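Next come the chains, spelled out residue by residue.
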Amino acid sequence: MRVLPIVAALLLSAGTASAEFAVSFNWGDIPLCTNGRPNRVGSPAFTIKDLPAGTTSVEFRLKDLDVPSYNHGGGKLKISGSGQLPFGAFKYKSPCPPGGSHTYEWTATAKAGNKVVGMAKARRAYPE
């Protein structure tokens, strides 16, 4: 029974010892769209945490998890540190589910030159 507390302590310390690349976002002030015909809008405001060492750019792609075949586009930005990316850094096709709400996922792919050095994802419903 003494093994359980030791294993739990190791698991907790391993989780806090290494930082993990993460991305989060908010939709911002984009026009409400629920007719299935997306608008071309400015990108959300993104928060980037623990960008992998050597990263020179991050590529952002949006996917509608309810209709994954639709290409919403994205953008590629030169980034060398973690932090805030402002609303409108690039243009993409807005979320626009026909009648109801869909779940959307942004994928952020960190690259050092042409080499992928990390990937992070964030999901939100639209409309919320």
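Now for a quick tour of the structure. (Residues numbered from 1 in each chain as written. Predicted model: local features only at pLDDT ≥ 70, side-chain atom pairs only at ≥ 80, totals over all residues. Heavy atoms only, no water.)

Relative to the helices and strands, H102 is located in strand 8 (residues 102–112). H102 gets classed as buried once you look at its relative accessible area, which sits at 14%. Side chain to side chain, H102 and D64 meet in a polar contact 2.7 Å long. With sequence-adjacent residues up to four places away left out, H102 is seen in contact with D64, D66, V67, P97, R124, A125 and Y126. (Helix = DSSP H or I, 4+ residues; strand = E, 2+ residues; numbered from the N terminus. Buried < 20%, exposed > 50% of the residue type's maximum accessible area, 1.4 Å probe, protein only. Polar contact = N/O pair within 3.5 Å; in protein donor to acceptor, adjacent residues only side chain to side chain. Contact = heavy atoms within 4.5 Å.)

Turning our eyes to something else, we now look at the nonpolar core. Membership of the largest hydrophobic core comes to 26 residues, with the highest contact counts inside it found for V23, W27, F46, F60, Y92 and W106. Mapped onto this core, the elements with two or more residues apiece are strand 1 (22–26), strand 3 (45–49), strand 4 (57–64), strand 8 and strand 9 (115–126). (Core = buried A, V, L, I, M, F, W, Y, C linked by side-chain atoms within 4.5 Å.)

The next subject is the packing of aromatic side chains. Taken as a whole, this structure holds ten aromatic pairs when the rule is applied. When the ring of F25 is compared with that of W27, the centres are 4.9 Å apart and the planes differ by 75°; the resulting orientation is edge-to-face. Classification of W27 as buried rests on a relative accessible area of 5%. With a centroid separation of 5.5 Å and an interplanar angle of 75°, the aromatic rings of W27 and Y126 are classed as edge-to-face. On the criterion of sequence distance, the pair formed by W27 in the loop between strand 1 and strand 2 (40–42) and Y126 in strand 9 is long-range, its members being 99 residues apart. The structure contains a cluster of three or more aromatic residues connected by ring pairs, namely F25, W27, F46, F60, F90, Y92, Y104, W106 and Y126. Seen from the ring of F25, R124 lies directly overhead, with NZ or CZ sitting 5.8 Å from the centre. (Phe/Tyr/Trp six-rings, centres within 6.5 Å; stacked < 30°, edge-to-face > 60°. Lys NZ or Arg CZ within 6 Å of the ring centre and 35° of its normal.)

If you walk across this open sheet you meet the four strands as 5-4-8-9, and the pairing is antiparallel. The sheet terminates laterally at strand 5 (74–78) and strand 9, the two strands that pair on one side only. Each strand axis lies, on average, 15° off the axis of its neighbour in the sheet, ignoring direction. Pairing of strand 4 with strand 5 involves five bridges; the strand directions are antiparallel. Looking at the pairing, R61 lines up with G74 of strand 5. (Pairing = 2+ DSSP bridges. Axes fitted to C-alpha atoms, helices over the stretch in contact; angles between N-to-C directions.)

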